[in-house]
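Geometric and topological summary
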Amino acid sequence: MKIRSGFVSNSSSSSFIIITKNKDNEVRQPIAKGGILKIPRDSIGETDFGRGAGTFHDFDSKLHFAILQALYTDVQDYIDMILSVLKKKFVGVKDIVINLEPDFYMEYDESKTYGGIDHDSVGNQYLEIFDTEDTLYNFLFMTDSYFHVGGDDEERQKEILRGVDPDKYKIISIFSEFE
């Protein structure tokens, strides 16, 4: 008989976020048309982060994930932080329009894009991306930062996390041994 102690999750999904502490590999300034940054940008990036969605390194998917986290938790300070960080990066942008809504909205509006995050990957420790503007900036704009939304692959995820140097990266995970 196996006895499990410490943090135990019966969930069939899990996620982790890796945020670089190094600012050497920053993405180029993404394109904003006519001084307006519309999110999502012409359907670039993923908006559906359901169970087993995969690993995401690209700016747009990370931005969508952060916006959806903020919208799911309904904390205006998180949205304000996202807008502040975007304005620092997007020099010359006059307006930022967020046309992304969580998938639980009942009234469908065809001018909006709907996205979702697996229920076990919303809130809690994942909100650490909003600890500081610097943390959020590094998550969104550094090419070494990424996140993973997985399914029944806990051991594979732990194997990946064992290879991450905590001196160089902030690790956000449900697996307490990596925090």
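My aim in this report is to walk through the structure given alongside it, one point at a time.

**Let's talk about unusual backbone geometry**
Residue isoleucine 39 is joined to proline 40 through a cis peptide bond whose omega torsion reads 0°. Structurally, the position occupied by proline 40 is in the loop between strand E2 (36-39) and strand E3 (48-49). Positive phi, normally seen in glycine, also occurs at aspartate 74, with a value near 60°. Within the fold, aspartate 74 resides in the loop between helix H1 (59-73) and helix H2 (76-89). Of the residues examined, aspartate 74 reaches a relative accessible area of 68% and is grouped as exposed.

**What to know about the sheet that holds strand E6 (residues 100-102)**
Strands sit in the order E3-E7-E6 across an open sheet of three strands; the sheet is parallel. On the outer flanks of this sheet lie E3 and E6, each paired with one strand and no other. Note: E6 against strand E7 (residues 113-117), three bridges, orientation parallel. Paired with leucine 100 across the two strands is threonine 113, which belongs to E7.

**Notes on the packing of H1 against helix H3 (residues 133-141)**
Their axes nearest at 8 Å, the elements H1 and H3 cross at an angle of 140°. The angle between H1 and H3 falls in the class oblique. In contact with Phe59, Lys62, Leu63, Phe65 and Ala66 of H1, H3 contributes Leu136, Phe139, Leu140 and Phe141. In terms of residue class, the contact of H1 with H3 is made up of eight nonpolar, no polar and one charged.

**Here's the deal with the sheet that holds strand E8 (residues 146-150)**
Strand pairing in a sheet takes place through backbone hydrogen bonds and is either antiparallel or parallel in direction. Ordered by their spatial adjacency, four strands build an open sheet running E4-E8-E1-E9, and the pairing between neighbours is antiparallel. A single partner strand is all that each edge strand has here, and the edge strands are strand E4 (54-56) and strand E9 (169-173). Each adjacent strand pair in this sheet contributes to an overall mean axis angle of 10°, direction not counted. Where E4 meets E8, three bridges bridge the pair, whose relative direction is antiparallel. Counted as the bridge partner of glycine 54 is valine 149 from E8. Of the strands in this sheet, strand E1 (14-20), E8 and E9 are in contact with H3, which crosses E1 at around 100°. Against the sheet, helix H4 (residues 154-162) contacts E1, E8 and E9, and its axis sits at roughly 15° relative to E1.

The rules behind each value
- Residues numbered from 1 in each chain as written.
- Predicted model: local features only at pLDDT ≥ 70, side-chain atom pairs only at ≥ 80, totals over all residues.
- Heavy atoms only, no water.
- Helix = DSSP H or I, 4+ residues; strand = E, 2+ residues; numbered from the N terminus.
- Buried < 20%, exposed > 50% of the residue type's maximum accessible area, 1.4 Å probe, protein only.
- Pairing = 2+ DSSP bridges.
- Axes fitted to C-alpha atoms, helices over the stretch in contact; angles between N-to-C directions.
- Parallel < 35°, antiparallel > 145°, perpendicular 65-115°, else oblique.
- Contact = heavy atoms within 4.5 Å.
- Nonpolar A, V, L, I, M, F, W, Y, C, P; charged D, E, K, R; others polar.

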